Amino acid sequence: MAEIKLNAEVRTEFGKGAARRTRRANLVPAVVYGHGAEAVHVTLPAHELHLALRTANVLIGLEIDGKDALVIPKAVQRNALKGNIEHVDLLTVKRGEKVNVEIAVHAEGDLAPGGNLLEYVQNTLLVEAEATHIPESVTVSVAGLDAGDSILAKDVPLPKGSVLAGDEDAIVLQVVAAQAEEAPAEEAPAEA
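Residues numbered from 1 in each chain as written. Predicted model: local features only at pLDDT ≥ 70, side-chain atom pairs only at ≥ 80, totals over all residues. Heavy atoms only, no water.

Undergrad: Help me understand the sheet that holds strand β4 (residues 59-64) in this model?
TA: Sheet strands pair via backbone hydrogen bonds, and the direction of the pair is either parallel or antiparallel. A barrel is described by the order of its strands in space; here six strands give the closed sequence β1-β3-β2-β6-β5-β4, paired in mixed fashion. The sheet shows a mean angle of 45° between the axes of neighbouring strands, direction not considered. Sheet topology note: the strand β5 (residues 67-78)/strand β6 (residues 85-92) ladder contains seven bridges and is antiparallel. Across the sheet, the residue bridging to P73 is L90, located in β6. On top of the sheet, helix α1 (residues 16-24) reaches β2 (27-34), β3 (37-45) and β6; it is set at about 115° to β2, its chief contact. (Pairing = 2+ DSSP bridges. Helix = DSSP H or I, 4+ residues; strand = E, 2+ residues; numbered from the N terminus. Axes fitted to C-alpha atoms, helices over the stretch in contact; angles between N-to-C directions. Contact = heavy atoms within 4.5 Å.)

Undergrad: Would you explain unusual backbone geometry in this entry?
TA: If you check the backbone angles, N26 has positive phi at about 60° while not being a glycine. Looking at the element boundaries, N26 is found in the loop between α1 and β2. One non-glycine residue with positive phi stands out, namely D65, at about 50°. In this structure, D65 sits in the loop between β4 and β5. Owing to a relative accessible area of 62%, D65 belongs among the exposed residues under this scheme. (Buried < 20%, exposed > 50% of the residue type's maximum accessible area, 1.4 Å probe, protein only.)

Undergrad: Which parts of the structure should I look at to understand the sheet that holds strand β7 (residues 98-108)?
TA: As summarised here, the arrangement of the four strands in space is β10-β7-β9-β12, forming an open sheet in which the pairing is mixed. Where the open sheet ends on each side, the last strands, each with one partner, are β10 (137-141) and β12 (163-164). As paired strands, β7 and β10 are joined by five bridges and run parallel to one another. Note on β10: the bridge partner recorded for H106 is T139.

Undergrad: Would you mind showing me how to read the pattern of salt bridges here?
TA: Pairing of side chains with opposite charge becomes possible as their charged atoms draw close. Under the criterion given, the structure shown has two salt bridges. Where E13 meets R21, a salt bridge forms, and the shortest distance between an N and an O atom there is 3.5 Å. Note that D169 is salt-bridged to K154, the shortest N-O span being 3.2 Å. Of this pair, D169 sits in the loop between β12 and β13 (171-177) while K154 sits in the loop between β11 (150-152) and β12, placing them 15 residues apart in sequence. (Salt bridge = Lys/Arg side-chain N within 4 Å of Asp/Glu carboxyl O.)

Undergrad: Is there a simple way to think about the nonpolar core in this case?
TA: If you look at soluble globular proteins, the nonpolar side chains tend to sit buried side by side. Core analysis: the biggest nonpolar cluster contains 23 residues, and I72 and L125 have the highest contact counts within it. For this core, the elements supplying multiple residues, two or more each, are β5, β7, β9 (124-130), β10 and β13. By residue number, the principal contributor to this core is β7, which donates four residues. For I72, the residues in contact, after removing those within four places along its chain, are V58, L59, D89, L90, L91, V93, V99, V101 and I134. Of all hydrophobic cores here, the second largest spans 18 residues; its members include A8, L53, L62 and L90. (Core = buried A, V, L, I, M, F, W, Y, C linked by side-chain atoms within 4.5 Å.)

Undergrad: Explanation requested: the pairing of β3 in the structure shown.
TA: Looking along a regular strand, one sees side chains alternate from face to face of the sheet. Pairing between strand β1 (residues 3-10) and β3: two bridges, direction antiparallel. Paired with V10 across the strands is V42, a residue of β3. Here seven bridges tie β2 to β3, and the two strands are oriented antiparallel to one another. Considered in β3, the bridge of G34 is made with A37. Linking β2 back to β3 in an antiparallel pair, the connection comprises two residues, with H35 at a positive phi of about 60°.

Undergrad: For this particular structure, what's the right way to read the environment of G115?
TA: Looking at the element boundaries, G115 is found in the loop between β7 and β8 (116-120). The exposure class assigned to G115 is partly exposed, which follows from its relative accessible area of 45%. Separated by 32 residues in the primary sequence, G115 and A147 have C-alpha atoms spaced 9.2 Å apart.

Pasting the structure below:
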């Protein structure tokens, strides 16, 4: 995974009014924390951050007052109507350090014939991986699965260097039989 470089400026103003002024200046308020260090409040360029967050679990190299920090996004708050990024929590990581992250689950293959439906019980899996080698997603084959079959978290093939961090007996995908709709009952003609 490539590292994306962003320049951050330390924030000195806090509160709702200061956050609004920051957003009007095309910046996003953020907090950098981790490794027992005191949290650092920063602002990041909105457009560059938006592009960086297109990749799940992106590794970001921040330059804060001449110091470099390696971070991953932990929480992203977006405006419900516009979709703009309003605030980001960033977790400091070190090269070689193991971190717990959620990665997307994708299914491939055709189910057994018979009108079965694939249900995603979990869209993501919690895995432990090295901070600089976080997988973007995992792909699971559902070829030939029939109604009643399911795939557990422990059955999902993880990329090299990743270990399942969540419940291994949790159901990730399951196949259910399609239910036929009942034909609407015909109404009796009304008597005159």
